[in-house]
Amino acid sequence: MPGEREKRFMQHAITLSRRGMENGDGGPFGAIVVRGEEIVGEGWNQVLTDTDPTAHAEVVAIRQACKNLGTFQLHDCEIYTSCEPCPMCLGAIYWARPARVYYANTKEDAAAIDFDDSFIYREISKSHTDKKIPLIAMPTAAALSVFRDWKEKGDKTLY
C-alpha cells in the first residue's frame, strides 16, 4: 500500500499534469522519475509545444532523468505518472527498466476524456498487413549484414 512518500511524489506528478494542461502544452498528463528521495526527472505532456507526438509526460521525464543521471537504465528509480501509461510510454518504461511505476488515473479514465489508446493495443496484435498503418517488410542483405556486424562487435554496450 502506498504511503505518505508515494502520495507526495504522486501529487507532484499530478501538479505537473495540471500545469502543462493549463499552459496549453498538451494533454493533462504529468510524470516524475524518483531515485531515493530525489526527483531526478520530470515531465508533462508537451506534444503541442514541441510539435512532437512522442513528447508524452513519461518519455519527457525518462529522457530528463537519464540525462541527469548519465545513464540509460533507471533500475534504481521509480516512476510516478498521473495516468496509466499508453503503449508508447509503457515501451519506453520497459526500456528504461525502473523498479516500479505508480499511476493515478486509469487508461479507461483517459479514454473518457478522448485519450483512448485501446485501438493501439488492438493494432499491436494484428498481422502487419492488417494494421491500419501497414508494416511492409523489405529485407535486404545489407541490413542483415549490419546486424551480423553488431553481433560480432567486441566493444558494444548491451541494453
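Residues numbered from 1 in each chain as written. Predicted model: local features only at pLDDT ≥ 70, side-chain atom pairs only at ≥ 80, totals over all residues. Heavy atoms only, no water.

### Side note on the overall build of the protein chain
Right, so step 1: Looking only at helices and strands, one finds 7 helices and 4 strands in the protein chain.
Right, so step 2: Reading the secondary structure of the protein chain in the N-to-C direction produces α-β-β-α-α-β-α-β-α-α-α.
Right, so step 3: Overall size of the protein chain, expressed as C-alpha extent along the three principal axes, is 55 × 40 × 35 Å.
Right, so step 4: The buried share of the protein chain, reckoned over its 159 residues, is 33%.
Right, so step 5: Restricting the contact set of the protein chain to residue pairs at least 6 apart, pairs at least 24 apart contribute 50%.
Right, so step 6: Working note: accessible area of the protein chain is about 10,400 Å², and carbon and sulfur atoms make up 58% of it.
Right, so step 7: Across the protein chain, 19 positive and 23 negative side-chain charges occur, with their mean positions spaced 5 Å apart. (Helix = DSSP H or I, 4+ residues; strand = E, 2+ residues; numbered from the N terminus. Buried < 20%, exposed > 50% of the residue type's maximum accessible area, 1.4 Å probe, protein only. Contact = heavy atoms within 4.5 Å. Areas by Shrake-Rupley, 256 points an atom, 1.4 Å probe, with all protein chains shown as cover. Lys, Arg positive; Asp, Glu negative; His and termini not counted. Charge placed at Lys NZ, Arg CZ, Asp CG, Glu CD.)

### Quick word on the packing of aromatic side chains
Right, so step 1: Taken as a whole, this structure holds 5 aromatic pairs when the rule is applied.
Right, so step 2: Among the aromatic side chains, those forming a connected cluster through ring pairs are F9, Y80 and Y102.
Right, so step 3: Residue placement shows K107 over the ring face of Y121; its charged tip is 4.7 Å from the ring centre. (Phe/Tyr/Trp six-rings, centres within 6.5 Å; stacked < 30°, edge-to-face > 60°. Lys NZ or Arg CZ within 6 Å of the ring centre and 35° of its normal.)

### So, the sheet that holds strand β3 (residues 78–83)
Right, so step 1: Strand order across the open sheet formed by 4 strands is β2-β1-β3-β4, with mixed pairing between neighbours. Only two strands of the sheet have a single partner each, and these edge strands are β2 (38–44) and β4 (100–105). On average, each strand axis in the sheet is tilted by 15° relative to the strand beside it, whichever way the strands run.
Right, so step 2: The pairing of strand β1 (residues 30–35) with β3 spans 4 bridges and is antiparallel. When the bridges of β3 are listed, V34 appears paired with E78.
Right, so step 3: Running over the sheet, helix α1 (residues 4–23) touches β1, β2, β3 and β4 and is turned about 50° from β3. (Pairing = 2+ DSSP bridges. Axes fitted to C-alpha atoms, helices over the stretch in contact; angles between N-to-C directions.)

### What to know about the pattern of salt bridges
Right, so step 1: In this structure the tally under the stated criterion is 10 salt bridges.
Right, so step 2: A salt bridge links K153 to D155, with the nearest nitrogen and oxygen atoms 2.7 Å apart.
Right, so step 3: Here K153 falls in the partly exposed class, since its relative accessible area comes to 36%.
Right, so step 4: Judged by its relative accessible area of 61%, D155 is exposed.
Right, so step 5: Several salt bridges converge on common partners, so that one network encompasses R5, E6, R8, E37, E78 and R100. (Salt bridge = Lys/Arg side-chain N within 4 Å of Asp/Glu carboxyl O.)

### Considerations on helix α7 (residues 141–152)
Right, so step 1: For α7, spanning 12 residues, the distance from its first C-alpha to its last is 16 Å, which sits close to the expected 16 Å at 1.5 Å a residue.
Right, so step 2: Burial runs low along α7: only 0 of the 12 residues are buried. (Expected span 1.5 Å × (residues − 1).)

Honestly, that's just the spatial picture; any functional story needs more than this.
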